[in-house]
Amino acid sequence: MSTVLSRRSFRQCLSKAPDLVLKVNHNAAAETMKPLILVCLTICLNGAAHAAGDVHSGRLKADTCLGCHGIANYQNVYPTYHVPKLGGQSAAYIITALQAYQRQDRQHPTMHSQAYDLSAEDMADIAAYFSSLADIEPGAQP
Amino acid sequence: MNWGKYALALLLGLSGTGVAANPVERGAAVHQERGCNACHGEAGVSTAPDQFPHLAGQYASYLEHTLRGYRDGTRRHAVMNQMAAELSDEDIRVLAAFYAAQSGLVTAPRDLLGPRRSPSVR
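Reference entry: report on the structure contained in this document. (Residues numbered from 1 in each chain as written. Chains lettered and ligands numbered in written order. Predicted model: local features only at pLDDT ≥ 70, side-chain atom pairs only at ≥ 80, totals over all residues. Heavy atoms only, no water.)

With that out of the way, let us pick up the packing of aromatic side chains. Two aromatic rings are characterised by how far apart their centres lie and by the angle between their planes. Taken as a whole and judged by the stated rule, the model has three aromatic pairs over all chains. Pairing F98(B) with Y99(B) gives two aromatic rings, centres 5.4 Å apart and planes at 55°, and the pair type is tilted. Against the face of Y59(B) rests K85(A), its NZ or CZ located 4.8 Å from the ring centre. (Phe/Tyr/Trp six-rings, centres within 6.5 Å; stacked < 30°, edge-to-face > 60°. Lys NZ or Arg CZ within 6 Å of the ring centre and 35° of its normal.)

Next comes the structure, spelled out in C-alpha cells:
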C-alpha cells in the first residue's frame, strides 16, 4: 500500500520538477520547454534500469561471481546465510545491487571488492547474463 | 470408555497445530496482509521486474538476513525500511519460508568450460 502511495508522490514530484527548474527564468519559451525537461528527467532516472547488457560478455565477466553464486547451497559466513540465487533475477535489480555495493551503500566487504572496479557496461552485461538463466514471467501466477 | 471420541479429539488437535505450524501458509498470509504482493507479486514473481526484484525461489536464510537488515536499517531503502519496520522475527521467518517455497530463481550453472569453447573467445 505505502509503495503505491510513494510511487504516486514520486510522480507528483516529477510533475513539479520542471516548475522548480524554470522558477528562475519564467517566460513563454520556458513553458514550452516544460515537457522536454520532464522527458529528459524521466530518461535520466530510468537510464540505468534500461541499459541492455550482452549475455555472452556477461557470462565471461561473471566467472568470479560463479565462484560463490554458481554453487547451490553455498553459505556466506559471519553472519551465516545462503549466498543468494541470481538465475532469472531482474537485470535492473542486479545492476542496482552492484551499484550499491560499489558505493558501499550496501555493506558487504566481498561484494564491494568485486563491484568497485566494474563499469556500467560490465554491470549491465553481468546482469543480462544472470537474468537470462531462467524465464520468470512478469506477474506470472504459480 | 469412548476411545473414538479421544481419537477424534487427538486428530483434530494434531491437524489444528499442523495448520498453525505451517510456516509457508502463514508466510502467504503475511505476504498478503502486509501488501508485499503489490510489488513482489502474488507468488514472489515481481509485478515490474525493472523496479522490484523477484523473490520466488530465493533462499529463506538470505531473505531473512535481508528483511532484518531493512528492519534494523543496516540495509537502506526508503520503501523497504518502512515495510519491514513493524515485522516480528516470526513474520520474517514465515515470509522467507513462503518465498523460498515458490518456484522461480535458480542457482547459476557453474559451467566453467562452457563459454570458452565458443570460437569468438580464445
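All names here are of chain B. Inspection of every chain in the model, using the stated rule, returns nine salt bridges over all chains. Residue D89 is joined to R71 by a salt bridge in which the shortest nitrogen-to-oxygen separation is 2.7 Å. On the criterion of sequence distance, the pair formed by D89 in helix α6 (residues 89-101) and R71 in helix α4 (residues 60-72) is long-range, its members being 18 residues apart. Measuring nitrogen to oxygen at the nearest pair gives 3.2 Å for the salt bridge that ties R93 to E90. In this pair, R93 and E90 both sit in helix α6, three residues apart, roughly one turn of the helix. (Salt bridge = Lys/Arg side-chain N within 4 Å of Asp/Glu carboxyl O. Helix = DSSP H or I, 4+ residues; strand = E, 2+ residues; numbered from the N terminus.)

Another point: the side chain of R106(A). Its location among the elements puts R106(A) in the loop between α5 (91-103) and α6 (109-115). With no salt bridge to any partner, buried R106(A) finds its closest opposite charge in D105(A), at an N-O distance of 10 Å. In this structure the side chain of R106(A) is engaged in a polar contact, spanning 3.4 Å, whose partner is the side chain of Y93(A). The contact partners of R106(A), leaving out residues within four places of it in the chain, are Y93(A), A97(A), A100(A), Y101(A), Y62(B) and R75(B). (Buried < 20%, exposed > 50% of the residue type's maximum accessible area, 1.4 Å probe, protein only. Lys, Arg positive; Asp, Glu negative; His and termini not counted. Polar contact = N/O pair within 3.5 Å; in protein donor to acceptor, adjacent residues only side chain to side chain. Contact = heavy atoms within 4.5 Å.)

Remember, this is a structural readout, not a statement about activity or role.
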